[in-house]
Amino acid sequence: MTESDAAVRPRAPVRVLHRLEDGVSIVLLGAMVLLPLAEIVVRQLGTGIPGALPFEQHLTLWVAFLGAALAAREGRLLALATGNFLPEGRFRAVAAVFTGGISAMVATLLGRASLDLVQIEREGGIEMAAGVPVWVGQAVMPVGFAILALRLVWKSSDLWTGRAIAGFGIVLGLWIGASADSFADRAATPWLVLILASTLLGGPIFAALGGAAVFLFLSDFVPLAAIPAESYRLAVSPTLAAIPLFTLTGFLLAEGGASERLLRVFRALFGWVPGSTPVVCAVVCAFFTVFTGGSGVTILALGGVLFAALSADGYRERFSLGLLTSSGSLGLLLPPALPLILYGIVAEVPIEDLFIGGLVPGLLLVALIAAWGVREGLRGGARRFVFSEAELGRALWAGKWELFLPVVVLGAFFSGYATLVETAALAALYAFVIQCLVHRDVKLGRPLMVVFRQCAVLVGGVLIILVAAMGLTSWLVDAQAAQALVELVQNNIESKIVFLLALNVFLLLVGCLMDIFSATVVVVPLIIPLGLAFGVDPIHLGIIFVANLELGYLTPPVGLNLFLASYRFERPLLAVYRAAVPALVILGVGVLLITYVPGLTLGLLDLLGRT
């Protein structure tokens, strides 16, 4: 071992703590899978597991905070891509110390507020289930925020001087929390400016949303415990647990050879069509994104295989780059996509109606990208494959288990056999069986644990944003921001057509700047009253929302897919911008069709009957 390796590698006690942390998060995620499955089995016997739902809800809360701690340890908390524009060197180092200090201050304040909530609940003596008090489940919140604060300081710099400066943020957070009364009726603007600056310089998104909520509540003389109380309310939503479970399904599929098997199946089916390989890439990406959500896993996990396939078949590099960058977010409208689940939770509309309503619009966007691929195939004379029934049969046999997964998921859910969370657990179990036991692409033991751990990191990075966003949403509700926005829009816009166009522009900007999960929690409560005021069906509004956020992933300068593609394919960011422009235009046309032709969303729903 070299001296530099020894300097980077954590000391033995730290490694033990890291392993313990990893192990606990993996065990809890595994318990999240097993508990709903056990509930399905026991329910068939005419009973049920006492407290199964409350325990599953609180497991989600624990996985969220432990996963966020893992993400902070690895420097993988989600942040705006604007930080990537900072020049290398001293300025970026100073910015990192500044953002670390501000973020640690916010985490400290949220931890203090969470501790107040735990103390209140402990005095109340309310039970979660089976004699377990609620405060035990909530105890992970102050501990989790404390770990986040410490790790944000530690990761802010490689120098002890920089860490000491960033550590002042923790001291400042403790002082503000102890003297909260003195902040009443004071303007929150200076603090909001600091938080905004930190966010633009690369600070984590959870700190931006949580920090804004903290200082807005302080200025209104509202106890800070109200923030984690709202966060807790979202975390224990009956259906939120489906998000980490479906994410685990996507990770298991992406880690194994599912992409190669699906590529073979769809190539055997469509290989004779001009542009067949791009068509296949779009379909395979959509399949994976359904389960991984707008997390970038599709581009990172499948990009290498699909880019190589496109290159081997003679497609231009710029086209291939643009196709895979755009295809990385295809599938967000197809059931059981995670954004549809979260939208249903926040908007309080039936998730099954969103699944049905998103089917045709989702397939439309996939078809538009596929049509672009066909055009490229005709234009460039790229390689085609001779149709062979024998090869199709072999490909279908090899990929039968992956192809059957949507049948299992949608059949279990729409038949009423399983709830959404139980369906997600079934999907995770199914993916485990086919990847670990049937194909053995993912080996049992350490390789499987790595998949679970990676999933926990991503889930924690997403859910901690939702936890923080709920505090800001609560303040917006108390401030009657939605009502004020409705009055403002109605006073200036009379036409429904103009309103929908303005909504598209607004959501495109939101999708460019925010991840789809935090945008759902913050923005949806504001636009729901607007949609009702202009006679837009809530299901149609949800599909418009997700479609625009999907397009936002491609919107320069800070669309998430652009940066992920630049990283994955090792191409300059400007080259990715140029490559993605055709797809941005094509999908933009699709979003306009989804917006102004409500029958695409509501037609199938009306035909089948609403929930």
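Residues numbered from 1 in each chain as written. Predicted model: local features only at pLDDT ≥ 70, side-chain atom pairs only at ≥ 80, totals over all residues. Heavy atoms only, no water.

So, about the overall build of the chain. Within the chain one finds 28 helices and two strands. Its C-alpha atoms give the chain a radius of gyration of 24 Å, near enough to 25 Å, the size a compact globule of 611 residues would have. If one aligns the C-alpha atoms of the chain with their principal axes, the spans along those axes are about 75 × 65 × 65 Å. Counting the 611 residues in the chain, one finds 57% classified as buried. As displayed, the chain offers around 25000 Å² of accessible surface, 67% of which is attributable to carbon and sulfur atoms. For the chain, the separation between the mean place of its 36 positive charges and that of its 38 negative charges on side chains is 12 Å. (Helix = DSSP H or I, 4+ residues; strand = E, 2+ residues; numbered from the N terminus. Rg over C-alpha atoms; globule rule 2.2 N^0.38 Å. Buried < 20%, exposed > 50% of the residue type's maximum accessible area, 1.4 Å probe, protein only. Areas by Shrake-Rupley, 256 points an atom, 1.4 Å probe, with all protein chains shown as cover. Lys, Arg positive; Asp, Glu negative; His and termini not counted. Charge placed at Lys NZ, Arg CZ, Asp CG, Glu CD.)

Moving on, we come to unusual backbone geometry. With an omega of 0 degrees, the peptide bond running from Pro335 to Pro336 counts as cis. Structurally, the position occupied by Pro336 is in the loop between α15 (317-327) and α16 (338-347). Unusually for a residue other than glycine, Gln480 sits at a positive phi of about 55 degrees. Assignment of secondary structure puts Gln480 in the loop between α21 (446-478) and α22 (481-492).

Running from N to C, helix α18 (residues 389-398) and helix α19 (residues 400-414) cross one another at 65 degrees; their axes reach a closest spacing of 5 Å. Facing Leu396, Trp397 and Ala398 of α18, the residues of α19 in contact are Lys400, Glu402 and Leu403. (Axes fitted to C-alpha atoms, helices over the stretch in contact; angles between N-to-C directions. Contact = heavy atoms within 4.5 Å.)

Below, the discussion takes up the side chain of Ser566. Relative to the assigned elements, Ser566 resides in helix α26 (residues 560-569). Judged by relative accessible area, which is 17%, Ser566 ranks as buried. A polar side-chain atom of Ser566 sits 2.7 Å from the main-chain carbonyl oxygen of Arg571. When sequence neighbours within four positions are dropped, the list of residues in contact with Ser566 reads Arg571, Pro572, Leu573 and Val576. (Polar contact = N/O pair within 3.5 Å; in protein donor to acceptor, adjacent residues only side chain to side chain.)

With that settled, consider the packing of helix α2 (residues 12-44) against α21. It is at 9 Å that the axes of α2 and α21 come closest, and there the two elements cross at 90 degrees. Compared by their axis directions, α2 and α21 come out roughly perpendicular. Packed against α2, whose contacting residues are Asp22, Ser25, Ile26, Leu29 and Gly30, the element α21 presents Met449, Phe452, Arg453, Cys455 and Ala456 at the interface. A per-class count over the contact of α2 with α21 returns six nonpolar, two polar and two charged. (Parallel < 35°, antiparallel > 145°, perpendicular 65-115°, else oblique. Nonpolar A, V, L, I, M, F, W, Y, C, P; charged D, E, K, R; others polar.)

A contiguous nonpolar surface patch, about 930 Å² in accessible area, is contributed by Ile497, Leu501, Val505, Leu509, Val581, Val585, Val589, Leu592, Leu593, Tyr596 and Val597. For the nonpolar patch, the secondary-structure elements that each account for two or more residues are α23 (496-513) and α27 (573-596). Take the nonpolar patch: its biggest share by element is six residues, from α27. Turning to its location among the elements, Val589 is positioned in helix α27. A relative accessible area of 45% means that Val589 is categorised as partly exposed. (Patch = residues over 30% accessible without salt bridge, like charges linked within 9 Å, V, L, I, M, F, W, Y side chains within 5 Å. Salt bridge = Lys/Arg side-chain N within 4 Å of Asp/Glu carboxyl O.)

Attention shifts here to the pattern of salt bridges. In total, this model carries 17 salt bridges according to the counting rule given. The salt bridge partner of Arg73 is Asp22, with a shortest N-O separation of 3.1 Å. Placement of Arg73 in helix α3 (residues 52-73) and of Asp22 in helix α2 is noted, with a sequence separation of 51 residues between them. Between Asp22 and Arg453 there is a salt bridge, and its shortest N-O distance comes to 3.2 Å. Here Asp22, found in helix α2, pairs with Arg453, found in helix α21; they are 431 residues apart in sequence, far enough to count as distant. Look at the salt bridges and you will find they share partners, linking Glu21, Asp22, Arg73, Glu74, Arg76, Arg151 and Arg453 into a network.

For the chain, the mean per-residue pLDDT works out to 87, and 97% of the residues sit at or above 70. Looking across the chain, the model is least confident in helix α1 (residues 3-8), with a mean pLDDT of 44, and most confident in helix α6 (residues 140-155), with 94. Residue range residues 1-7 is modelled with pLDDT below 50. Its contacts to residues more than four positions away, or to other chains, number two contacts. (pLDDT = per-residue confidence, 0-100.)

Moving on, we get to helix α13 (residues 276-292). Its 17 residues give α13 an end-to-end C-alpha distance of 24 Å, which sits within 8% of 24 Å, the value for a rise of 1.5 Å per residue. When you tally the buried positions in α13, you get 16 out of 17 residues, the bulk of the element. Gly293 sits one or two positions beyond α13 and adopts a positive phi of about 70 degrees. (Expected span 1.5 Å × (residues − 1).)

What follows concerns the side chain of Thr60. When you line up the elements, Thr60 lands in helix α3. Residues contacting Thr60, with those up to four places away along its chain left out, are Met32, Ala235, Leu240, Ala241, Pro244 and Leu463.

Evaluation of the coordinates by the stated rule reveals 14 aromatic pairs. An angle of 70 degrees between the planes, with centres 5.8 Å apart, marks the rings of Phe287 and Phe288 as edge-to-face. Exposure class is identical for Phe287 and Phe288. Each is buried. One aromatic cluster is present, formed by Phe246, Phe287, Phe288 and Phe291 through successive ring pairs. The aromatic ring of Trp135 is capped on one face by Arg122, whose charged end is 4.8 Å from the ring centroid. We note Lys400 situated over the ring of Trp397; from NZ or CZ to the ring centre the distance is 3.7 Å. (Phe/Tyr/Trp six-rings, centres within 6.5 Å; stacked < 30°, edge-to-face > 60°. Lys NZ or Arg CZ within 6 Å of the ring centre and 35° of its normal.)

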